[in-house]
Each structure stands twice: as C-alpha cells, then as structure tokens.
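Residues per chain, in single letters:
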Protein chains: 2
Amino acid sequence: MLGNFIYYNPTKLYFGTEVDKNLKDALENYGKKVLLVYGGGSIKSNGIYDTVIKALKETGKEVVELSGVMPNPTLEKLNEGILLARNEDVDLILAVGGGSTIDYSKGVAAGAFFDGDAWTNFWLQQKEPAPDQKIIPVGSVLTLAGTGSEMNGGSVITDEKNKLKVGKVFGERLIPKFSVLNPEYTFSLPQNQMVAGIYDIMSHIMEQYFSGDDDSTSDYISEGLMRSLIASSRVAVKDPKNYEARSNIMWIATWALNTLIGKGKKQDWMVHMIAHTIGAFTHATHGMALSAISAAYYRFILKYGEHRFARFARVVWEIPSEGKTDSQLASEGIDALENWIKEIGAASDIEVLGVTDNMLEEIAATTFLGGGYKEITKEDIVAILKDSLKRNKNNL
Amino acid sequence: MLGNFIYYNPTKLYFGTEVDKNLKDALENYGKKVLLVYGGGSIKSNGIYDTVIKALKETGKEVVELSGVMPNPTLEKLNEGILLARNEDVDLILAVGGGSTIDYSKGVAAGAFFDGDAWTNFWLQQKEPAPDQKIIPVGSVLTLAGTGSEMNGGSVITDEKNKLKVGKVFGERLIPKFSVLNPEYTFSLPQNQMVAGIYDIMSHIMEQYFSGDDDSTSDYISEGLMRSLIASSRVAVKDPKNYEARSNIMWIATWALNTLIGKGKKQDWMVHMIAHTIGAFTHATHGMALSAISAAYYRFILKYGEHRFARFARVVWEIPSEGKTDSQLASEGIDALENWIKEIGAASDIEVLGVTDNMLEEIAATTFLGGGYKEITKEDIVAILKDSLKRNKNNL
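Residues numbered from 1 in each chain as written. Chains lettered and ligands numbered in written order. Predicted model: local features only at pLDDT ≥ 70, side-chain atom pairs only at ≥ 80, totals over all residues. Heavy atoms only, no water.

Novice: Would you mind going over the overall build of chain A in detail, with residue names and values included?
Specialist: Scanning chain A from terminus to terminus reveals 15 helices and 9 strands. Taken against the 2.2 N^0.38 rule, which gives 21 Å for 396 residues, the C-alpha radius of gyration of chain A at 21 Å falls within 12% of a compact globule. Based on the C-alpha atoms only, the size of chain A along its principal axes is roughly 65 × 45 × 45 Å. The long-range share in chain A, meaning contacts at least 24 apart out of those at least 6 apart in sequence, stands at 79%. (Helix = DSSP H or I, 4+ residues; strand = E, 2+ residues; numbered from the N terminus. Rg over C-alpha atoms; globule rule 2.2 N^0.38 Å. Contact = heavy atoms within 4.5 Å.)

Shown next, in the form of structure tokens:
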C-alpha cells in the first residue's frame, strides 16, 4: 500500500431477499418527504415498484415520483429533477434501478440547493458542492449489477446537444446513505444486459489492476474478485436464476468500484475512455464496448507491463507457468480473457458494434488520453481499433 | 453470498505517514474535550505521544489523559475509565495504541453513560446499549497491526478475579469514527510482537475461510488477503522497516476483521477459543497461542472439509495439484502453513508456550465449544492438544 490515502465508505448495504424489512429499517432514519426516482417502468411490471411503495407507505412517507430516467441520463432530465427536488423540498431521494438511476439521483441531490448551474460547476469544472450547501441524502434499491454506483460518489451525465458525456466523482456527502441489494431483482434482466454488466465489472477491476509494479494488497484483492467473477459468470450465463452466482456477481460489482481495490495504487482507465467514445459513435451498450476493445488494448500495452500480465495469467486464469517466459505467459493470459469474452457472449470485436474503418481517426481524435504502463497517443488508439477490426476479419 | 446480511462500516481510515494532517482533519469534527487513552508509555519514547498532543493542541482541544491500559484490559481498569469519562463528560475518546487500547476505549464509550453495571450487561449478557443512551465517539491512532479493532465493534475485557475473558461485538455506534493508520508506527515493535500480530491476522482470515462448501466471493477475497499477507510477512521478518510490506500487513489486518470476509458465510472460531484458554493457563502471547495450535487443529478437522483445504493448498500456497487427490493436496496445504509458521518465527507447538501434559484435560474442560466442518468436543480438544505436544517431541 503505497502513498497516503483516505478510505471512507459509509453506505449501509442491506444484502439479500428481505427487501421490505430492509427498506423500512433504512427509511426510518429519514424525513417524511421522499423523491422516488426510477427509469422506464420495468419496475412496475416485475413487482419491485409495489414492494417499494408498500414500504414507503408503511413508514408514513409522502411520495413524489420522478420517472423516465434514461440509460445515459441527460442534462435536460437532470435539470428537471433539480427543479422538482428543490420545489418539493424532499428529505430523501430514493433511486430504484441501476447505475444510471443512482448516478442521476446523486446529480439531483447535489444540484437541488446549489445556487447556480450545477452542470457548469460540478461536471464541467469538477468542483464539489460547498461544505455549507444542503445536500439531499440518497438511498438506492439496486436492480442491475455493474456500475457500483450503489456504494460510491460517481455520477455520469450527458449533454446531448453538445455531445458531452461527463463523469464526476463526488465526495463523501454524495455516496448513498444506504443501498438495498437483492440478487433476485437481477433475475429478470435480459441475458445480454447481464453479460454487459458482468464485463463492466471485470473491466472496473482490470483497469485498477493493470498498473504499477509494486506489491500491493489491493492487487491481491482484485485477483480474488476476478477469480470469483469468472467462476460465477460461467454459472450465471447457463443458469441466470442461480442465486449464488447472481449474488456473488452483485457483491463483486459493489466492491469493484467502491474505491477499495484502487487504494494506494496507480490506475489506467483507457479501456473505459475508448469505450465511451465508441459508445458515442455507435450507441453500443457500455459493457459490450468495453469487452470489444479490451483484448486489443491489453495486447497493445502488454510488453510495457509483462510481469503483471504474466501474474494475471498465472493467478487469475491458473495457467501453468513452468518453463514459460513472462512474455509467453502474459500472452496466454490475454488469450484466456478473450476466450472468456466469447464464452459468456460479450462482444469480442468492435465491428459487431458497428464501428467501421472510416470512424477510427475520429474516435481516436475525440478520446480522452491517459494510460498506465504506457501513455497512450491518438496513433496508439487507431492501432488498437484497427487490431480489433482486423481480428474479427481474420476469424471469418 | 448466501443468506441475508447487513454490511455497514463507517470508520474513516486515514492511511499513510501524514499523521499530523490526518489527525487534525479528523479532530475537527468533534467537541472540545478529549479523553486520550494509551498504554504503558512506549508512545512517549517513540514520539507518537508528542505528535498526537500537538494535533490536539492545534485543534484547540482540552485533554484528559488516561494511561496504563494493559495488554488484556481488566474490568477494574474499565470501571476506572468509565468513571473518569462520565465525570469529565468528554466529547471524544482518542485511543492511541493497539487492539487492547482501542477495545478498552469502546468499553469506556459504551459504559460511561449507562445507568447500571456495564460489565454485567454488555459483556456477560451480551446486550447492546439502548438506542437512546449516549455513546461517546471513539477515534484511534493505531500503533500495532493485528486485531482489526480499528474498524470493528469488537472489545475484549478480562475479569481477573473470576478468570473470565469475555469478548463482545458492539453494534454500529461503537465502531471507531476514524482511525489513523501509519505503517511507520509499527516499525519499532519487537520482532516477536510483529510476528504474533501477523499470525493473529492469518488466523482471523482462516477462521472465516475454513467453513462452508459454497462458492462465496468472501472466500476469494480471503485467499487474496492470505496470499498478500504471506508475501509481505516474508519481506517483513527479514526487513522490518520495509514500508511496503508493513503497510500491506497493516491494511490486511484491518480488512481481515472488519466483517467483510465473513459476510454470507459460516465461520469456525475454535482456534481462537482454544488459544484463549491456553493464554489463560500460560500467559502466552495471543498470536503465538494461535500459531501453536493451528496446524494440529486443522489436521484434526481436515477430513471433514477436504475440498476446502485442497483449495487452500492450491490457491493460497500455489501447490501443484496435478495427479493428487484432494486428501493429499489438503495435507500438503497444512504442511505449507506449518512450514510458514516456523519460517516467520511463530510458535509451532504448545510445549514452547509452557503447556504440559497435566494441563490438557483442564484446558479442554474450560474451552468454549463450537466448530465448523466438525462440531468439536472436549475429547477432540485433548486429542488436538496432544498432537501439538507430540509433534514437538518428534521434532527433537
């Protein structure tokens, strides 16, 4: 554990099937007026809405509803929520949904009592709300495992008009006060969304793991989480209602992005950066854009971090190391990752997402640059994108 | 992740060398009067006391001192602290030391404003303070890695007159509000205390790991923590001032016993139970009593949980599994554990602790019974103790 850091994650996690009991226990700590935030209405057909409303009623809450939060919450929708939360002066925002709904709720909580334009200040200038600004507490009922938003301060909002998708990590006051995690709530998700979520989780872990050469406990924890995710994903793709597998996946999602495994180490978020741009050009599902670009990206940086990639092969994939160089072993680890991507049914190349040759330069030009083992240039991104396109053609 | 559970661990952890800055940041959130709790005065010779006093002064605190907290805090000392904290009406208890000092401070915090006898109620009857009872917040500056008390609600108090050593896990209000973790503060610890701490950590993880046959993410995280602990212990015993190794050990200690790795699974704390009794008979250091009994205990229950012990060998010790039965592999895993105990200089048998043949029956008779893969009887304990004694004689 190198460097100095603070770990503070006061979200109370209620895990398991007793949603009614858990939700009532959590709601008791907050005032009367609750802003209930959700998405397109799938929670009405699967019964989750009724369960939540029952708990709200039985704890004497007055409910203001705000629905229609979209997969990539827009600035326009954010401003609608901010206005509503301020006018109604709610005591709690209860987000029922996946990462988008929770991200959005944090944005509303931060912006409702801000004297000025929240988008300009919080997202574009990456400022924090002032210490004396009122922040509405946020709680969540999670229906989709992947983003980890249930236990962190992250929020992503999209300005559609200006094609800007901006992520912001708020400080401790915006981390959800409680999150209710029922693995059964993820059972009804379509298979491709479950798989996209699984790959999103894997990517969160890998982007923190593939950086640095030091001996950090964080990396050992990451290895444990990846091993468990791979094992459970193999069960879940064949048997999506397997409680054990889905519960492990939900729990891993939370711990993959609540800051624990990134403590005291360098990180490299380039796969997410490239995937965000691909998403802007193709509207590909986030998790699928990540899986489509991962192998090409890691093959590209492999020689700069060979030792870590060899360790990944040996520990995470249990590939025998005897008589092999780090370079061989490292390469076999990426092969194993790529095979697993195909095995679970995630996208293994960018062509299936609709990326074509003539987009590559523009994707590279609009991607936010960074890196870990190697500082990535625009030329590097073009090479990585070409590799992903070519790989698919070779397979045909 | 089986079963329903709550995870809530709101301790703010300040990790690293910037103690002055971290402590002042933490102290700002509490009132003027601080009860400073510490042990025998080693913090005065190594400069930690001065650093803490400076931060207290610079944040304008009024300090009441309570020193002399012993390694196994006594009921008599507890009552002294309760009286002092109540009379002085302090706003914060700041524990500076290891697990005993922090455990003790939680006891004082819980008992100060309790209307009645805290020992009888909290420890002997395992009750919680009532929701409306005032609890003094506790913060800590950690000087010894091992018990995990810096991020949990645990407290162990000893009634010397009646030879009762009782552990209590308090609820969320008694978990330290903040803990300042500086790995350098553990550098000056004598080697045998460092080693005892390392084994205490290993035992905390194993006692949660060796139980259950399900596929739980908790066990994968445990494997990561054990692998990291073993790697760092090998560096630290040769080079105790290696910051990286000592920082990993300190971080692992916190996460080994803050409830994370026990979530959703069965646990087996018999090694701690037997070691507690051995401690009462011999005054052996806690970590050494654990190491002395571990191998004998795990060999005894091995056939009841072969599959898990084989996994332990394969994943934690990287023992090649090809062509081996679970039984062979499991046995080799315990051999590896035993070799590591000797390698780091922990006690590998109970004879070196002063246990003799004529004590065995009485140790067995006074040990609290439980178990995991096997429900343990008094006869079982005698057999385990005999194995540990015999093992040593064979080695001579």
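Novice: Quick one: what's the story with the side chain of Asp380(A), residue by residue and with numbers?
Specialist: All names here are of chain A. Looking at the secondary structure, you find Asp-380 in helix α15 (residues 378–395). We classify Asp-380 as buried; its relative accessible area is 10%. Residues contacting Asp-380, with those up to four places away along its chain left out, are Phe-300, Lys-374 and Glu-375. (Buried < 20%, exposed > 50% of the residue type's maximum accessible area, 1.4 Å probe, protein only.)

Novice: Please set out the packing of aromatic side chains residue by residue, giving values where relevant.
Specialist: Within a pair of aromatic rings, the relevant descriptors are the distance that separates the centres and the angle that separates the planes. Under the criterion given, the structure shown has 49 aromatic pairs over all chains. Ring geometry for Tyr209(B) versus Phe210(B): centroids 5.2 Å apart, planes at 70°, classification edge-to-face. When sorted by exposure, Tyr209(B) lands in the same class as Phe210(B), which is buried. A centroid spacing of 5.8 Å and a plane angle of 55° characterise the contact between Tyr298(B) and Phe309(B), whose relative ring orientation is tilted. Note that Tyr298(B) is positioned in helix α11 (residues 286–301) and Phe309(B) in helix α12 (residues 306–316), a separation of 11 residues in sequence. There is no split in this pair, since Tyr298(B) and Phe309(B) are both buried. Put simply, the rings of Phe5(A), Tyr7(A), Phe15(A), Trp251(A), Trp255(A), Phe5(B), Tyr7(B), Phe15(B), Trp251(B) and Trp255(B) touch in pairs and so form one group of aromatic residues. Its end group placed over the ring of Tyr220(A), Arg311(A) keeps NZ or CZ at 4.5 Å from the ring centre. (Phe/Tyr/Trp six-rings, centres within 6.5 Å; stacked < 30°, edge-to-face > 60°. Lys NZ or Arg CZ within 6 Å of the ring centre and 35° of its normal.)

Novice: Any chance you could break down the packing of helix α8 (residues 217–238) of chain A against helix α13 (residues 326–344) of chain A for me, citing the residues and the numbers?
Specialist: All names here are of chain A. Where α8 meets α13, the closest approach of the two axes is 10 Å, and the angle between their N-to-C directions is 25°. With respect to each other, α8 and α13 are oriented roughly parallel. The handedness of the crossing between α8 and α13 comes out as left-handed. Between α8, through Ile-230, Ser-233, Arg-234 and Val-237, and α13, the contact on the second element is made entirely by Trp-340, Glu-343 and Ile-344. (Axes fitted to C-alpha atoms, helices over the stretch in contact; angles between N-to-C directions. Parallel < 35°, antiparallel > 145°, perpendicular 65-115°, else oblique. Left-handed = near helix turned anticlockwise from the far one by under 90°.)

Novice: Account for the sheet that holds strand β1 (residues 5–7) of chain A, with residues named and values stated.
Specialist: Here 7 strands make up an open sheet; going across it, the order is β1(A)-β2(B)-β9(B)-β6(B)-β5(B)-β3(B)-β4(B) and the pairing mixed. In the strand order of this sheet, the two ends are held by β1 of chain A together with β4 (62–66) of chain B, each with one partner. The average angle at which neighbouring strand axes cross in this sheet is 20°, direction not considered. Each of β3 (33–37), β4, β5 (92–97) and β6 (138–142) of chain B is contacted by helix α5 (residues 99–111) of chain B, which is oriented at about 165° to β5(B), the strand it contacts most. The strands touched by helix α9 (residues 243–256) of chain B are β1 of chain A together with β2 (12–15), β6 and β9 (178–181) of chain B; relative to β2(B), the strand with the most contacts, the crossing angle is about 170°. (Pairing = 2+ DSSP bridges.)

Novice: Summarise the nonpolar core; cite the residues concerned and give the values.
Specialist: Generally speaking, a soluble globular protein has its nonpolar side chains buried in company with each other. With 180 residues, the main nonpolar core has Trp255(A) and Trp255(B) as its most contacted residues. Not counting residues within four places of it along the chain, the set of residues in contact with Trp255(A) comprises Tyr7(A), Leu13(A), Met151(A), Leu225(A), Leu260(A), Ile261(A), Tyr7(B), Trp255(B) and Leu260(B). (Core = buried A, V, L, I, M, F, W, Y, C linked by side-chain atoms within 4.5 Å.)

Novice: Go over the pairing of strand β5 (residues 92–97) of chain A, please, and point to the residues and values.
Specialist: All names here are of chain A. The element β5 is extensively covered by neighbouring structure, given that 6 of its 6 residues are classed as buried. Across 4 bridges, the pairing between strand β3 (residues 33–37) and β5 is parallel. Within the sheet, the bridge partner assigned to Leu-36 lies in β5 and is Leu-94.

Novice: Which residues make up the environment of Gly107(A), and what are the values?
Specialist: Among the structural elements, Gly107(A) can be located in helix α5 (residues 99–111). Assessed through its relative accessible area of 0%, Gly107(A) is described here as buried.

Novice: Go over the pairing of β9(B) with me, naming the residues and quoting the values.
Specialist: All names here are of chain B. Residues of β9 alternate between two faces, with Phe-178 and Val-180 on one and Ser-179 and Leu-181 on the opposite face, all of them buried. Taken together, the 4 bridges between β2 and β9 define a ladder with parallel strand orientation. By the bridge assignment for β9, Lys-12 is matched with Phe-178. As paired elements, β6 and β9 share 4 bridges and run parallel to each other. Note on β9: the bridge partner recorded for Val-141 is Val-180.

Novice: Which residues make up the interface of chain B and chain A, and what values do they have?
Specialist: Taken together, the 45 residues of chain B in the interface contact 45 residues of chain A. In total, chain B and chain A occlude about 3,900 Å² of area from one another, counting both sides; carbon and sulfur atoms represent 56% of this. For the chain B face of the interface with chain A, the top three residues by lost area are Met1(B), Tyr220(B) and Trp251(B), together amounting to 15%. A salt bridge links Glu172(B) to Lys12(A); its shortest N-O distance comes to 2.9 Å. If you list the elements that add at least two residues to the side of chain B that touches chain A, you get β1 (5–7), β2, α8 (217–238), α9 and α12 of chain B. The residue makeup of the side of chain B that touches chain A, split by class, is 21 nonpolar, 13 polar and 11 charged. With 3 bridges connecting them, strand β2 (residues 12–15) of chain A and β1(B) associate as antiparallel partners. Bridge pairing in β1(B) links Tyr14(A) to Ile6(B). (Buried area = accessible area lost by both parts, 1.4 Å probe. Salt bridge = Lys/Arg side-chain N within 4 Å of Asp/Glu carboxyl O. Nonpolar A, V, L, I, M, F, W, Y, C, P; charged D, E, K, R; others polar.)

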